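Fold and geometry: a report
Here is how the chains run, residue by residue.
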Amino acid sequence: MKIRDFGVEIWMNRYENHCALNLAETCVESLTVAELLDMADKRDDILSELLPMKLTYGAIEGSDRLRGLIAGLYETQTIENVVVTHGAIGANALVHETLVEPGDRVVSVLPTYQQHYSIPESFGADVGILKLTPEHGFLPDLAELRRLATPGTKLICLNNPNNPTGALMDRDFLLQVVEIARGCGAWILCDEVYRGTDQEGDGMTASIADLYEKGISTGSMSKTYSLAGLRLGWIAGPKALLHKVSIHRDYNTISVGMLDDHFAAIALENRDRILARSHEITRRNLAILAEWVEGEPLISWVKPKSGTTALLKYDLPLTSEAFCTRLLERTGVMLTPGSAMDMEGHLRIGYANGEAILREGLKRFTAFLREEQAARAA
């Protein structure tokens, strides 16, 4: 099996530990163990929970405690509708390898996380790309989706909230997508790792698993819950589908770590506190970024409605990789080139790191833009 290089992950692996200011980060600023335990009022008694643990494989599908808490993030899901995975990246891969066979029709939006079109391509699927455009607010063009989702389509892949644009499909929009999927018999896989970061209300948009009998939601502790170091995700969906997923999962996961499971459960038992922190960070920082974009003549965007990232269009005669490499070398500021997401001419910026990092990074970014502009005017 041959598969394309994973553009974003290669870029991140190359530079994220060698930059001064990481504006490529996609997680809400990560929690320390101490911060998590303080939120849960467990700093003083955590060892009494951990020391008696015998470090076996633990519950294969994830503990009932954790799966019940994950099910509680949805309107209609139960423990039986949830299986725990090695991050959302593991969840997505398992769904693709369970459903997609050579010759199957798969429709994926773009931009999105590259798994959702490169994995089915590697299996020999017929992948139709639904390009998201600023003219539609980076939401899927439903007429184009109807055209691409031909009868017998196996799978439609969505990402909501979208990475990298921050576009958000609300319940009514998702129900229109469901109607299209139901009409051609397709499953819908919706990568919902940024769910909970909406800029308005309680932050929680509707989940595809609650709206469609063939809807599959994937999520994780990484982005919204600031705990990427746990490497813990999940699939929520129909029981029969999860049974098929588990057959594949036995070959590459067995179980997640007991400590990961335990700390994820602690976090979700205190999710109101974590979500309040995430909303404070994402809403404050997006306002800072919006003010900056408004003052930069070389930068344009569609302002995100959710998530932790934005897609910036720039007006300079540079490839996005050259732009980001030059910016990093001269200022220490790391962004992600659009070419890593098949979106040349754009840059992805993460705005959910610490406020001081964002402000200083934008300050250096401005200086870089001025220098480039002056050099071209000379």
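Structure's up top.
What this report covers is the structure whose coordinates are included nearby. Each chain carries its own residue numbering, running from 1 in the direction its sequence is written. Per-residue local features are limited, in this predicted model, to residues with pLDDT of at least 70; the limit for side-chain atom pairs, both in listing and counting, is 80 or more; totals at the level of whole chains, interfaces and linings are taken over all residues. Side-chain numbers here rest on the full set of heavy atoms in the structure, without hydrogens or water.

1. Structural notes on the environment of Phe173
Strands are runs of DSSP state E lasting at least 2 residues, helices are runs of H or I lasting at least 4, and numbering of each runs from the N terminus. Secondary-structure assignment places Phe173 in helix α8 (residues 171-184). Along the chain, Phe173 and His116 lie 57 residues apart, while their C-alpha atoms are 20 Å from each other. Throughout, a contact is declared for two residues whenever any of their heavy atoms are within 4.5 Å. In this view, Phe173 contacts Leu139, Pro140 and Leu142; residues no more than four positions away in its chain are not counted.

2. Details of α8
Given 3.6 residues per turn, any residue in an α-helix points the same way as the ones three and four places further on. Take the residue count of a helix, subtract one, and multiply by 1.5 Å to get its expected span. Given a rise of 1.5 Å per residue, 14 residues ought to cover 20 Å, and the 20 Å separating the end C-alpha atoms of α8 matches this to within 8%. Residues of α8 that are buried: Phe173, Leu174, Val177, Val178, Ile180, Ala181 and Cys184. One side of α8 carries all its buried residues, which in axial view fall inside an arc of 165°. Residues of α8 that are exposed and angled more than 90 degrees away from the buried face: Asp172, Glu179 and Gly183. Against the buried residues of α8 lie α7 (142-148), β5 (155-159), β6 (187-191) and α9 (208-211). Each residue is placed in one exposure class: buried if its accessible area under a 1.4 Å probe, protein chains only, is under 20% of its type's maximum, exposed if it is over 50%, and partly exposed if it falls in between. Directions pointing from the helix axis toward each C-beta atom define the arc.

3. Topic: a nonpolar patch on the surface
A contiguous nonpolar patch, built from Tyr57, Ile60 and Ile254 and spanning about 290 Å² of accessible area, is present on the exposed surface. As for its placement among the helices and strands, Ile60 is situated in the loop between α3 (46-50) and α4 (64-71). Candidate patch residues must exceed 30% relative accessible area and have no salt bridge, after which like charges are joined if within 9 Å and Val, Leu, Ile, Met, Phe, Trp or Tyr side chains if within 5 Å. For accessible areas, the Shrake-Rupley method is used with a probe of radius 1.4 Å. Any residue's cover is judged against the shown protein chains and nothing else. Basic side-chain nitrogens of Lys or Arg form a salt bridge, by our definition, when they fall within 4 Å of a carboxyl oxygen of Asp or Glu.

4. Some thoughts on the side chain of Ser122
Along the polypeptide, Ser122 turns up in helix α6 (residues 115-122). Overall, Ser122 belongs to the buried group, its relative accessible area being 15%. Whenever two N or O atoms come within 3.5 Å, that pair is a polar contact, provided that in protein one can donate a hydrogen and the other can accept it, and provided that, for residues adjacent in sequence, both atoms are side-chain atoms. Here Ile119 takes part through its backbone oxygen, which lies 2.6 Å from a polar atom of the side chain of Ser122. Aside from chain neighbours lying at most four places away, what touches Ser122 is Met1, Lys2 and Ile3.

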